[in-house]
Structure formats: structure tokens, C-alpha cells
Amino acid sequence: RKLYVYGTKYAVLLSFGVALIAFMTAPIIIEGLFPRYSVVLPFFYLFIFIAPVKIFWQAVDIFLIVLRTQKFLFYRTVLYNVLLLVLLFLLLPHVGIWGAVISEMVVAIVAASLSYRYLKKTQPLYHITKKVLFSFTDEDKLLLKIFYGQIKDAIAKFKLKIRIA
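Definitions and cut-offs
- Residues numbered from 1 in each chain as written.
- Predicted model: local features only at pLDDT ≥ 70, side-chain atom pairs only at ≥ 80, totals over all residues.
- Heavy atoms only, no water.
- Helix = DSSP H or I, 4+ residues; strand = E, 2+ residues; numbered from the N terminus.
- Buried < 20%, exposed > 50% of the residue type's maximum accessible area, 1.4 Å probe, protein only.
- Contact = heavy atoms within 4.5 Å.
- Core = buried A, V, L, I, M, F, W, Y, C linked by side-chain atoms within 4.5 Å.
- Arc of directions from axis to C-beta.
- 1 Å grid on protein atoms, 1.4 Å probe; cavity = no way out; pocket = protein on both sides within 12 Å on 5 of 7 lines; lining within 4 Å.
- Points joined across faces, edges and corners; volume = space filled by probe spheres on them.
- Expected span 1.5 Å × (residues − 1).
- Salt bridge = Lys/Arg side-chain N within 4 Å of Asp/Glu carboxyl O.

With that settled, consider the environment of tyrosine 80. Inspection of the secondary structure puts tyrosine 80 in helix 4 (residues 70-95). Here tyrosine 80 falls in the buried class, since its relative accessible area comes to 15%. A C-alpha to C-alpha distance of 23 Å links tyrosine 80 and tyrosine 45, two positions 35 residues apart in sequence.

Spelled out as C-alpha cells, the structure:
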């Protein structure tokens, strides 16, 4: 249970961090190196914030696979594809390429919501509360301490390799 809760929490937080960094650096890189592609930046901005939803969805799916819920995953995948095709069919002619962005966002949110609701319904212990998601607990402190120690050890080993070479 802890692996699921904290793994999902940190995966989503990490994806928000990566999305934020990409949001700030992508325009500089794209306009500097590939100026003719700068017209697609508005699409990129919307797509990048789908990442945390998809990361959450993938974390939930991993546990659904482990819990052997293939029947649900099959039906959810069919629903995902049908809903995506219908939305693309309806939105592309009316709003153009923005229809693809909107479709992907809607379908990702629907699929993530369905997966989480199913997991919560069938496995009540795998419920992520807002308190755990948005608080800094002793478990978080311990994890950061371990993470900091590993980074410190990696840097020390790297320095040792440089001295030897």
C-alpha cells in the first residue's frame, strides 16, 4: 500500500516539476534552435500538463495489472479508444488541431478517473487521500533523507573516480 501511495504521489509531483521546467525552457530552446516550429508552442503547453494525469493513470494501471484486473483494463482500453475516436471525429473538423489536444486531455482524465475509481472500489486500502497527497509527513522526511544520502554517495563516488583517473 505504501509503495502505491507514495510512488504515485512522488511520480505525479515529479511529472509536475518536469512539466513546469519544460514549460519554462521549451520556448527558449525551440525558438533558439528551431524557430519555424515555435508556432506549435501553444499545443505543447497544453499537452505538457496532460503528463501528470497520464503518470497518475500509469501508476494506478500498474497496480491494476498486479491485482489481475485484466477484464477491467480491456474494457477501459476499448472505451478509451472509442471515446478518443469519437471526440477526434467531432472536434477536428470544428476546431482543427486543437481538437486533438482537447480530445487527448478529456480522454486521459476520463481514463485516469475510471481506473482510480475502480481501484478504490475493489481495493479500498489503495485509496489516496488529499491529506497524504498534499502533506509532508514523517514518511516523506525519511524518503528525502534516503534520497539525499544516495545523491551524496553518488557524488562522492564520482569525485573518487575523477581523482583516480
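Next comes the rest of the account.
Attention now moves to the side chain of aspartate 61. One can find aspartate 61 in helix 3 (residues 51-66). Aspartate 61 sits in the buried class, given a relative accessible area of 7%. If we ignore the near neighbours within four places in the chain, the residues touching aspartate 61 are Leu73, Arg76 and Ser115.

By size, the foremost hydrophobic cluster in this structure holds 11 residues: Tyr4, Val5, Tyr6, Val60, Phe63, Leu64, Phe72, Leu73, Tyr116, Leu119 and Ile128. At the level of secondary structure, the elements contributing two or more residues to this core comprise helix 1 (2-33), helix 3, helix 4 and helix 5 (97-122). Core analysis: the second largest hydrophobic core is formed by nine residues, Ile50, Tyr80, Val107 and Ala111 among them.

This part is about unusual backbone geometry. What you tend to see is this: most non-glycine residues have negative phi, and most peptide bonds are trans. With a phi close to 60°, arginine 68 is a non-glycine residue in the positive phi region. Summarising the element assignment, arginine 68 is placed in the loop between helix 3 and helix 4. For arginine 68, a relative accessible area of 70% gives the class exposed.

So, about helix 2 (residues 41-48). Along helix 2, the residues classified as buried are Leu41, Phe43 and Ile48. Considered in projection along helix 2, the buried side chains sweep an arc of 150° and stay on one side of the axis. Its buried side turned inward, helix 2 meets helix 1, helix 3 and helix 5.

Quick look at empty space enclosed by the protein now. This structure, assessed with the given rule, holds one cavity of 30 Å³ or more. Each pocket or cavity is described by its volume, and for the largest cavity that value is around 30 Å³. Together, Arg76, Leu79, Tyr80, Leu83, Val107, Val110, Ala111 and Leu114 line the largest cavity. Listing elements by their share of the lining of the largest cavity, those giving two or more residues are helix 4 and helix 5.

So, about helix 1. Relative to the 46 Å expected for 32 residues at 1.5 Å per residue, helix 1 spans 43 Å between its end C-alpha atoms, a close match to the ideal helical length. Looking only at helix 1, the buried set comprises Tyr4, Val5, Tyr6, Thr8, Lys9, Val12, Ser15, Ala19, Ala22, Ala26, Pro27 and Ile30.

Right, let's talk about the pattern of salt bridges for a bit. For the structure shown, the criterion picks out three salt bridges. Residues aspartate 61 and arginine 76 are paired through a salt bridge, measuring 2.8 Å at the closest nitrogen-oxygen approach. Taken together, the positions of aspartate 61 in helix 3 and arginine 76 in helix 4 put the pair 15 residues apart, joining distant regions of the chain. Here lysine 141 ties to aspartate 138 by a salt bridge, and the two come within 3.9 Å at their closest N and O atoms. One end of the pair is lysine 141 and the other is aspartate 138, both in helix 7 (residues 138-164) and three residues apart, which spans about a single turn.

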